[in-house]
Amino acid sequence: MARHEHKSFDHPDEVREFPKGRLELLTIAGGVVGKLTLQPGWRWSEHVKPIAKTELCEAPHFQYQISGRMHVVMADGRGVRPRTRDVSALPSGHDAWVVGDEPVVGIDWAGASNYAKG
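This is a predicted model, so every value here is computed, not measured.

(A) Seen up close, the sheet that holds strand E5 (residues 69–74). Within the open sheet, the three strands sit side by side as E6-E5-E8. Their pairing is antiparallel. The open sheet terminates on both sides in strands that have one partner only, identified here as strand E6 (79–80) and strand E8 (94–99). Here E5 runs beside E8; their pairing, made up of six bridges, is antiparallel. Note that in E8 the partner of His-71 across the bridge is Trp-97.

(B) Layout of the sheet that holds strand E9 (residues 104–108). Here six strands make up an open sheet; going across it, the order is E1-E2-E3-E9-E4-E7 and the pairing antiparallel. On the outer flanks of this sheet lie strand E1 (14–18) and strand E7 (87–90), each paired with one strand and no other. When strand polarity is set aside, the average angle formed by the axes of neighbouring strands in this sheet is 20°.

(C) Just the packing of aromatic side chains, in detail. Enumeration over the complete set of coordinates arrives at two aromatic pairs. With 6.0 Å between their ring centres and 65° between their planes, Phe-18 and Tyr-115 make a pair best called edge-to-face. Within this pair, whereas Phe-18 is found in strand E1, its partner Tyr-115 is found in the segment after E9, the two being separated by 97 residues in sequence. For the pair shown, Phe-18 and Tyr-115 are each scored as buried. Arranged with centres 6.4 Å apart and planes meeting at 50°, the rings of Phe-62 and Trp-109 form a pair that is tilted. Of this pair, Phe-62 sits in strand E4 (residues 61–67) while Trp-109 is found in the segment after E9, placing the two residues 47 residues apart along the sequence. In this structure Trp-109 comes out as partly exposed when scored by relative accessible area, which is 47%. Against the face of Trp-97 rests Arg-43, its NZ or CZ located 3.9 Å from the ring centre.

(D) Here's a closer look at the pattern of salt bridges. Taken as a whole, this structure holds seven salt bridges when the rule is applied. Salt-bridge contacts for Arg-16 lead to Glu-14; the nearest nitrogen and oxygen are separated by 2.9 Å. Classification of Glu-14 by relative accessible area gives partly exposed; the value is 37%. Sharing partners across several salt bridges, the network here consists of Glu-17, Arg-22 and Glu-24.

What counts, and at which threshold
- Residues numbered from 1 in each chain as written.
- Predicted model: local features only at pLDDT ≥ 70, side-chain atom pairs only at ≥ 80, totals over all residues.
- Heavy atoms only, no water.
- Pairing = 2+ DSSP bridges.
- Helix = DSSP H or I, 4+ residues; strand = E, 2+ residues; numbered from the N terminus.
- Axes fitted to C-alpha atoms, helices over the stretch in contact; angles between N-to-C directions.
- Phe/Tyr/Trp six-rings, centres within 6.5 Å; stacked < 30°, edge-to-face > 60°.
- Buried < 20%, exposed > 50% of the residue type's maximum accessible area, 1.4 Å probe, protein only.
- Lys NZ or Arg CZ within 6 Å of the ring centre and 35° of its normal.
- Salt bridge = Lys/Arg side-chain N within 4 Å of Asp/Glu carboxyl O.

Right, dumping it as structure tokens:
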């Protein structure tokens, strides 16, 4: 019989902070869920690339965006603009940045365990 699990981002299992951003992680039901908070002015290639040491973000994302707007450019040049209440599935190989003055907050069910990890 499966057992009940309950966790809150009020008490994350792990926190990773980087310039203009924060990732809170919960390990639950054999998986990892992340909450990303990205401040205005954040850009992956400027603020996380030095940590990841890869040319583009190699973490795939399956996420729900709670607030804010961002722009994502894939390795092939295609761009998308996820915003509040959007669900996105992004494969590895992209750059991204916050658009506007509102922080981007999102919940990520894929890729979070490896995000901003050196």
